[in-house]
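Structural overview
Here is what each chain is made of, one letter per residue.
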Amino acid sequence: GGARRRALRTAVAPWRGAGRMAARPRAQGAAAGPVVNRRVSASSSSHAASQLKQKPSIRKTIESMASTGSQAEYFKPDQTLIIFDWDDTLLPTTFLNNVAQAGGKGYQALGGVRALALTRALADHADLVRRVLVGAREVGHVAIVTSSVRPWVDRSAQQHLPGLDVPRLLRELGIPVLYASGPCASSVEGLDMLEAHTERKRSVMAEFVGQVCRGGGALRSAVSVGDSPAEREALKRLARHWEQPAGAAGRPSCKTVKLMSDPSLRQLGRQLQALAGWLDRVVSCDGDVDVSVGPREDLETKLWTHFGPRPEK
């Protein structure tokens, strides 16, 4: 009835225009034309690995910024770790849940023009997720750490990121999905839920870093990106207590980016766009940085404040 239609309009309002987020700005003086929402082809992820070789500009830029001495070690991709959360960090989970609750059967129940527009917006978001992961892999080792239950990442991506084969993309980039939903090395009995999630994430992060640094490699720069305090605190604990191999001075620098909680599709897209633009500067920063975005704050402004103007690429 009328109440359900009003609820649907409220739920889907945040994504109106979201599909245009990634549109390339028109040159000054150019004639106005229709906005084209570029769909992601199913084969786009097959080129991800080759893009790392064809477009080494970010890697070369970072390495060229370093000169000599210990400062240079902060710019080496093989000594850099980047951790992403999944829900409300790469996947717009809260937004999708709101649409499902309003429509009863998810955004497919919208029907007609609305369903088509949302599918296109999600396809554009999927392309943004791909670009963020490819860019992150160019500058460091990357993992997705989630408190969800296997195989949520693969299943949710298949349902809600049209045009992007996430399992294939992750295989080609060498990005593991680490599920922190099971028991961790230390007991979580008696801990509150946030502390339990934090400790589980710290445990699986430590296992991943151990694999990355196998053979005596040092960890110089660690970055976490997520909407929850859990991954932020987990990485801080890991960095504080990480034991470097003999001859490596100091602990790794720790940079945490806490995204907005419960974002709309448009808000999450804007955050990922900002992150893609500043990620190489975040990684190369020598020192600890803690960036947190509140409900009415903008990640781009925060990154500008901490790291200066967006680097030219």
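The residue numbers shown here count from 1 along each chain, following its written sequence. Only residues with pLDDT of at least 70 are given local features in this predicted model, and only at 80 or more are side-chain atom pairs given and counted; all residues enter the totals for whole chains, interfaces and linings. Note: side-chain values were computed over all heavy atoms of the structure, leaving out hydrogens and water.

Considering the overall build of the chain
- Where helices and strands are cited, they refer to DSSP runs of H or I of at least four residues and of E of at least two residues respectively, numbered from the N terminus. A tally of regular secondary structure across the chain gives eleven helices and six strands.
- Taken across its 313 residues, the chain has 49% of its residues classed as buried.
- In what follows, residue pairs with any heavy atoms lying within 4.5 Å of each other are defined as contacts. Contacts in the chain between residues far apart in sequence, at least 24 positions, make up 82% of those at least 6 positions apart.
- For the chain, the accessible area works out to roughly 15,300 Å², and carbon and sulfur atoms hold 50% of it. When a residue's accessible area, from a 1.4 Å probe over protein chains only, is under 20% of the maximum for its type it is buried; when over 50% it is exposed; and in between it is partly exposed. Computed with a 1.4 Å probe, the accessible areas rest on the Shrake-Rupley method; for each residue, only the protein chains presented here act as cover.

Let's talk about the nonpolar core
- We define the nonpolar core as a collection of buried residues of types Ala, Val, Leu, Ile, Met, Phe, Trp, Tyr and Cys that are connected through side-chain atoms lying within 4.5 Å of one another. Counting 51 residues, the largest nonpolar core has Ile 82, Phe 84, Trp 86, Leu 90, Leu 133 and Leu 299 as the members making the most contacts within it.
- Looking at which element gives the most residues to this core, the answer is helix H5 (residues 112–139), with eleven residues.
- Setting aside chain neighbours within four positions, we find Phe 84 in contact with Thr 89, Leu 90, Val 132, Leu 133, Ala 136, Val 142, Ala 143, Ile 144, Val 145, Val 225 and Leu 275.
- Residues Ala 143, Val 209, Leu 235 and Leu 238 belong to the second largest nonpolar core, which totals 20 residues.

Considerations on the pairing of strand E2 (residues 141–146)
- In terms of residue burial, E2 counts as a mostly covered element, since five of its six residues are buried.
- Judged from the four bridges that link them, strand E1 (residues 80–84) and E2 form a sheet pairing that is parallel. For Leu 81, the partnering residue across the bridge sits in E2 and is His 141.
- By the convention used here, strands pair only if DSSP detects at least 2 bridges between them. Where E2 lies against strand E3 (residues 177–179), three bridges are found, and the strand directions are parallel. What sits directly across from Thr 146, in E3, is Tyr 179.

What about unusual backbone geometry?
- For the bond running from Arg 150 to Pro 151, omega is 5 degrees, close enough to zero to count as cis.
- Positionally, Pro 151 belongs in the loop between E2 and helix H6 (152–160).
- The phi dihedral of Asp 88 falls on the positive side, at around 60 degrees, and the residue is not glycine.
- Positive phi, close to 50 degrees, is recorded for Asp 262, a residue that is not glycine.
- Its place among the elements puts Asp 262 in the loop between strand E5 (253–258) and helix H10 (265–284).
- Take Asp 262: its relative accessible area is 52%, and that puts it in the exposed class.

Some remarks on the packing of H10 against helix H11 (residues 299–307)
- Fitted lines through C-alpha atoms serve as axes, helices being fitted only where they are in contact, and the angles separating the N-to-C directions of these axes extend from 0 to 180 degrees. H11 packs onto H10 with a crossing angle of 15 degrees between their chain directions and a minimal axis gap of 9 Å. The orientation of H10 with respect to H11, classified from their angle, is roughly parallel. Crossing hand, H10 versus H11: left-handed. Here Gln 271, Ala 274, Leu 275, Trp 278, Arg 281 and Val 282 of H10 come into contact with H11, specifically with Leu 299, Glu 300, Leu 303, Trp 304 and Phe 307.
- For the contact of H10 with H11, the residue count by class is eight nonpolar, one polar and two charged. Note on terminology: angles under 35 degrees are roughly parallel, angles over 145 are roughly antiparallel, angles of 65 to 115 are roughly perpendicular, and the others are oblique. Rotating anticlockwise by less than a right angle from the far helix to the near helix defines a left-handed crossing, while the corresponding clockwise rotation defines a right-handed one. When residue character is reported, Ala, Val, Leu, Ile, Met, Phe, Trp, Tyr, Cys and Pro are called nonpolar, Asp, Glu, Lys and Arg charged, and the others, Gly included, polar.

Remarks on the sheet that holds strand E4 (residues 221–226)
- Strand order in the open sheet made by the six strands is E3-E2-E1-E4-E5-E6, with parallel pairing throughout. Every interior strand has two partners, whereas the edge strands, E3 and strand E6 (289–292), have only one. Across the sheet, the mean angle separating the axes of adjacent strands is 15 degrees when strand polarity is ignored.
- One ladder, built from six bridges, connects E4 with E5; its direction is parallel. Paired with Val 223 across the strands is Lys 255, a residue of E5.

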